[in-house]
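Residue-level structure breakdown
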Amino acid sequence: MRAKLLCLSHYAGPDLARRAGALWNRLSSGCKYHHDEIGPSRAQVRAWQTAVETLVAELAAARAAVPRVGGP
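Here the residue index of a chain counts from 1 through its sequence in written order. Given that this is a predicted model, residues contribute local features only at a pLDDT of at least 70 and side-chain atom pairs are listed and counted only at 80 or more, while totals for whole chains, interfaces and linings are drawn from all residues. For the side-chain quantities, the full set of heavy atoms in the structure was used; hydrogens and water were omitted.

Observations concerning the overall build of the protein
Stated precisely, the cut-off is as follows: Only DSSP runs of H or I covering at least 4 residues are called helices, and only runs of E covering at least 2 are called strands; the numbering of each starts at the N terminus. Working definition: with a 1.4 Å probe on protein chains only, accessible area under 20% of the residue-type maximum means buried, over 50% means exposed, and in between means partly exposed. Throughout, a residue-residue contact means that at least one pair of heavy atoms, one from each residue, lies within 4.5 Å. The Shrake-Rupley method, run with a 1.4 Å probe, gives the accessible areas here. Residue values count only the displayed protein chains as cover.
When helices and strands are tallied, the protein shows three helices and zero strands. Across the protein, helices and strands are ordered from the amino to the carboxyl terminus as α-α-α. Across the 72 residues of the protein, 18% fall into the buried class. Contacts in the protein between residues far apart in sequence, at least 24 positions, make up 53% of those at least 6 positions apart. Accessible surface computed for the protein: about 5900 Å², of which carbon and sulfur atoms make up 60%.

Dropping the structure here:
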């Protein structure tokens with residue numbers, strides 16, 4: 001995943017890639033808590049979901065803006 005996030009900077013720009021990496025880190029750490037720790041709250045999970053949906057929409061827009069090589 002780290003290599004994919006590094007390549008994302010080339011395709012989507014450094015700002016979007018940085019946000020994607022930060023969100024990935026938050027999601028990863030949210031999934032790795034011990035049984036004696038308090039996990040993420042429902043509100044936190046919903047906030048992450050909203051952030052992912054926003055990021056996906058922005059990545060789709062960035063992808064649409066990139067001209068395709070060899071295509072129309």
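Examining helix α3 (residues 42-65)
This is how the line gets drawn: Under the convention used throughout, the expected extent of a helix is 1.5 Å for every residue step, that is, one less than its residue count.
A rise of 1.5 Å per residue sets the reference length of α3, with its 24 residues, at 34 Å; its end C-alpha atoms lie 35 Å apart and thus fit the reference within 8%. What α3 keeps buried is the set Trp48, Leu55 and Ala62.

A few points about the nonpolar core
We apply this condition: Joining through side-chain atoms within 4.5 Å is the link that ties buried Ala, Val, Leu, Ile, Met, Phe, Trp, Tyr and Cys residues into a set, and such a set is a nonpolar core.
Grouped together as the largest cluster of nonpolar side chains are nine residues: Leu5, Leu8, Leu16, Ala17, Ala20, Leu23, Trp48, Leu55 and Ala62. Only α1 (2-12), α2 (14-30) and α3 provide two or more residues apiece to this core. Top element by residues in this core is α2. It accounts for four residues. Leu8 has contacts with Gly13, Ala17, Ala20 and Leu59, leaving out every residue within four places of it along the chain.

Here's the deal with the packing of α2 against α3
Counted only if it meets this: Think of each axis as a best-fit line through the C-alpha atoms, taken over the contacting stretch in the case of a helix, with angles from 0 to 180 degrees between the N-to-C directions. Roughly parallel means an angle under 35 degrees; roughly antiparallel means over 145; roughly perpendicular covers 65 to 115; every other angle is labelled oblique. The crossing is said to be left-handed when, going from far helix to near helix, the turn is anticlockwise and less than a right angle, and right-handed when the turn is clockwise. Under the scheme applied here, ten amino acids are nonpolar (Ala, Val, Leu, Ile, Met, Phe, Trp, Tyr, Cys and Pro), four are charged (Asp, Glu, Lys and Arg), and all others, including Gly, are polar.
Interaxial distance between α2 and α3 falls to 11 Å at its minimum, and their mutual angle equals 150°. Viewed along their axes, α2 and α3 adopt a mutual orientation that is roughly antiparallel. Remark: the crossing between α2 and α3 carries left-handed chirality. Between α2, through Leu16, Arg19, Ala20, Leu23, Arg26, Leu27 and Gly30, and α3, the contact on the second element is made entirely by Trp48, Ala51, Val52, Thr54, Leu55, Glu58, Leu59 and Ala62. Residues of the contact of α2 with α3, tallied by class, amount to ten nonpolar, two polar and three charged.

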